[in-house]
Amino acid sequence: MKIIEIKTDTKLSKILIGEKIANLKQYLPPVKTVIVTDKTVSAHYHSFFNGFNVVEIGEGEENKTLETLQYIFSRFVELEVDRSTFIVAFGGGIVCDVAGFAASVFMRGLRFGFVSTTLLSQVDASVGGKNGVNFHRYKNMIGVFNQPEFVICDSDVLKTLERKEFIAGFAEIVKAAVIKDYKLFQYLEGHWQQALDLDEEVIGHLVYESVLIKSKVVEADEREKGERRLLNFGHTFAHSFEKLTDLLHGEAVSIGMVLAAKLSEKLGFLSRKEYQRIYTLLGNFGLPVDISLDIKKVLSAMKQDKKREGDSIHLVLIKQIGEAFSYKTKLNKLEEIIHDLHSDIG
Ligand SMILES: NC(=O)c1ccc[n+]([C@@H]2O[C@H](COP(=O)([O-])OP(=O)(O)OC[C@H]3O[C@@H](n4cnc5c(N)ncnc54)[C@H](O)[C@@H]3O)[C@@H](O)[C@H]2O)c1
Ligand SMILES: [Zn+2]
């Protein structure tokens, strides 16, 4: 097992890569513990929930809502949760985002940890302390920054994931490499097939390197004043695709990254060759790299992104693989560029 520690002003969070879920109890204080999970995860892993109270929430982005929070709070009241209770979010990014938020605000904050069960949440969602829910059409609009005490990342649980969900996780790994780590990108180019075959060593390496990249960014800028924005590479586009289609988060991020990379090339920052390497790598993972959508609808959805500032929006672009930067542009300028872009992907 490898441990990555994230130290922020208020907390120390330990990411336990390669730890087994069977060892969960070792990390719990001797107090009442409530597990928050979803139905699919519960169906696979209920044998690990023995002796705990369990709260099950609905699945999918449509359940990442204030209503689900209310449901969790009602269950906490029924289960007589008090200030000393420990909460474990046991699931993918949605369970961790929602339960982490519930634990952060119930009775002004309870102690909590994560058992992260999807590739996407192991490499990204459960690391960094962003917890929250969607509000109306706005993604992740309501939430807090608060680090879990521990995150268990066990590669065995990835074996029960649906193939599509597993593949979606690679989008965030490619993202980490593209914005920060050329060597990791080269490693992905050489090992994507083993990664897809769930080779334990390769997956362990990829999870470790991705978490390391994210943990450094989060330590430097927990509250997203600057550096942390780079983690949104591909996401401003992705959030609008998620609103308009039923693409998974990772799938939407993949297409968003292709667009952001294409835009970087168009504006003269990125070479055509590097753009093509990104496009090819995402395709090798079986991730979607193009989408046909009404541009007006995409832009209107982008206007609802919380990174918007008046009539401008912050995008993350790249100079070369491994080096990203924040780029502010007017929404109407973006409309023109996207028009051109679309015919030019590939
Ligand atoms: N907080 C952050 O910093 C951050 C970062 C990236 C993404 N996110 C959020 O994460 C969410 C996406 O997370 P996700 O991709 O993990 O999706 P998810 O939580 O919806 O899980 C995907 C599906 O897989 C099932 N599942 C989970 N683990 C399983 C397992 N081991 N075996 C079988 N089935 C399993 C779930 O029941 C669900 O149906 C999005 O809402 C996104 O916004 C948050
Ligand atoms: Zn993401």
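Worth saying up front: this structure is predicted, and the values here are computed from it rather than measured. (Residues numbered from 1 in each chain as written. Chains lettered and ligands numbered in written order. Predicted model: local features only at pLDDT ≥ 70, side-chain atom pairs only at ≥ 80, totals over all residues.)

Novice: Describe the environment of Val 98, naming the residues involved and giving the relevant values.
Specialist: Here Val 98 is to be found in helix H3 (residues 93-105). Taking the C-alpha atoms as reference points, Val 98 and Val 178, 80 residues apart in sequence, are found 28 Å from one another. Leave out the neighbours within four places in its chain, and Val 98 touches Ile 57, Lys 64, Thr 68, Leu 69 and Val 133. (Helix = DSSP H or I, 4+ residues; strand = E, 2+ residues; numbered from the N terminus. Contact = placed C-beta atoms within 7 Å.)

Novice: Just give me the short version of the pairing of strand E9 (residues 150-153), but keep the residues and values in it.
Specialist: Alternating residues of E9 divide into Phe 150 and Ile 152 and Val 151 and Cys 153, and every residue in both groups is buried. Sheet topology places strand E2 (residues 12-17) next to E9; four bridges connect them, and they run parallel. Paired with Ile 17 across the strands is Cys 153, a residue of E9. Looking at chain direction, strand E6 (residues 111-116) and E9 are connected through three bridges and run parallel. Bridging across to E9, Val 115 finds its partner in Ile 152. (Buried ≥ 20, exposed ≤ 12 C-beta atoms within 10 Å, placed from the backbone. Pairing = 2+ DSSP bridges.)

Novice: Go over the domain arrangement of the protein with me, naming the residues and quoting the values.
Specialist: Quite often, the size of an interface is put as the accessible area lost when its parts meet. Partitioning the protein into structural domains gives domain 1 (2-160) and domain 2 (178-342). Each of domain 1 and domain 2 has a C-alpha centre, and the two are 26 Å apart. Tallying the contact residues gives 26 residues for domain 1 and 22 residues for domain 2. Breaking the side of domain 1 that touches domain 2 down by element, the ones donating at least two residues are strand E1 (2-7), E2, helix H4 (119-125) and strand E8 (138-145). Of the residues in the side of domain 1 that touches domain 2, the class split is 12 nonpolar, seven polar and seven charged. (Domains from an automatic or database assignment. Nonpolar A, V, L, I, M, F, W, Y, C, P; charged D, E, K, R; others polar.)

Novice: Tell me about the sheet that holds strand E3 (residues 33-38), and name the residues and values.
Specialist: An order of E1-E2-E9-E6-E5-E3-E4 is seen for the seven strands of this open sheet, with the pairing classed as mixed. Of all the strands in the sheet, the pair left with one neighbour each is E1 and strand E4 (53-57). Across this sheet, the average inter-strand angle for adjacent strands is 20°, counted without regard to direction. Here helix H2 (residues 66-78) sits on the sheet and contacts E3 and E4; the angle it forms with E4, its principal contact strand, is near 160°. (Axes fitted to C-alpha atoms, helices over the stretch in contact; angles between N-to-C directions.)

Novice: Quick one: what's the story with the sheet that holds strand E12 (residues 323-330), residue by residue and with numbers?
Specialist: In space, the three strands of this open sheet follow the order E10-E11-E12, with antiparallel pairing throughout. Either end of the sheet is taken by a strand with one partner, and the two such strands are strand E10 (308-309) and E12. When strand E11 (residues 312-320) meets E12, the two strands line up antiparallel, connected through eight bridges. Paired with Leu 315 across the bridge in E12 is Tyr 327.

Novice: How would you explain the pairing of strand E7 (residues 130-135) if you had to name every residue and give the values?
Specialist: Among the six residues of E7, five are classified as buried, and the element is accordingly described as predominantly covered. Here E7 pairs with E8 via five bridges, running antiparallel. Across the sheet, Val 133 pairs through a bridge with Ile 142, a residue of E8.

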